[in-house]
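The lines below spell out each chain.
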Amino acid sequence: MRNAIEINNCIITIDNSGCIGSKELDAVQVPDDITAYFTARTAILEQLCAGAVPRQLLMANFSGDTVWASYEQGFKRAFDEMKLTMPPLMGSSESNFQALQSAVSLTIIGKKQFQRSTEGCTYFVVGEPLVGGDVIANPEKIAKLHELYEGLTEGIIEAIWPTGSKGIAKEIERFVGKGHTCDINLHTSAGPSCSVLVAVKSHQIKTFKQNISVPIHEIHAI
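Please read all numbers here as calculations on a predicted model, not as lab measurements.

Engineer: Break down the packing of helix α1 (residues 32-49) against helix α4 (residues 145-153) for me, with residues and values.
Structural biologist: Packing of α1 against α4 leaves a shortest axis separation of 11 Å and a crossing angle of 15 degrees. Judged by the inter-axis angle, α1 sits roughly parallel to α4. As α1 packs across α4, the resulting crossing turns out to be left-handed. Facing Tyr37, Arg41, Ile44, Leu45 and Leu48 of α1, the residues of α4 in contact are Leu145, Leu148, Tyr149 and Leu152.

Here you go:
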């Protein structure tokens, strides 16, 4: 697992977003449902990384009661993309005080369903590292949730590993091991898991490449 906790066969993952949204002082100006979508996306990918499927959503909303519906809509978009029913959502909103910038956190509780195995696999980076406004400007470079989920459920992809603000190089080391590289910027932030590491058996590589619509970069041993 990457950034997940397992308790009694339940997988717990979390992601948050700050200063991104529709408030005047937000550093990145986007609709609140877009903020929620990318927050959910990362927490969902962490679930899939741990071999789990989401069963319950818990939101901590610091942006005020009025944006709850927009955040919920963004979460739903992520599950719609995977053709899954969104799990029940509960949580709390800060309503006593008005924050000057947007902030939201999503915790997901899931159940294990996949067995991860990377033995004898070839490794790839799906998508490219993006952060801030570049995420909105380059949707064609972002790893697609439904393609990764379908790859896992159909046995084409053996395992996935999200990337984030620490850059791809750090995650390659954790997922694959030291002594590997790739022909992509390994040190810039990958934002909300715009790029994802995957492990694929040799006999599935052709099918894997045919099913992925965004840039793919193979990871090589140095």
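Having seen the model, we can carry on.
Engineer: Which residues make up the packing of α1 against helix α2 (residues 68-81), and what values do they have?
Structural biologist: It is at 7 Å that the axes of α1 and α2 come closest, and there the two elements cross at 50 degrees. On the basis of their axis angle, the class for α1 and α2 is oblique. Remark: the crossing between α1 and α2 carries right-handed chirality. Taking contact as the criterion, the partners of Asp32, Asp33, Ile34, Thr35, Ala36, Tyr37, Ala40 and Ile44 in α1 are, on α2, Ser70, Tyr71, Gly74, Phe75, Arg77, Ala78, Phe79 and Glu81. Considered class by class, the residues forming the contact of α1 with α2 number nine nonpolar, three polar and four charged.

Scoring rules and cut-offs
- Residues numbered from 1 in each chain as written.
- Predicted model: local features only at pLDDT ≥ 70, side-chain atom pairs only at ≥ 80, totals over all residues.
- Heavy atoms only, no water.
- Axes fitted to C-alpha atoms, helices over the stretch in contact; angles between N-to-C directions.
- Helix = DSSP H or I, 4+ residues; strand = E, 2+ residues; numbered from the N terminus.
- Parallel < 35°, antiparallel > 145°, perpendicular 65-115°, else oblique.
- Left-handed = near helix turned anticlockwise from the far one by under 90°.
- Contact = heavy atoms within 4.5 Å.
- Nonpolar A, V, L, I, M, F, W, Y, C, P; charged D, E, K, R; others polar.

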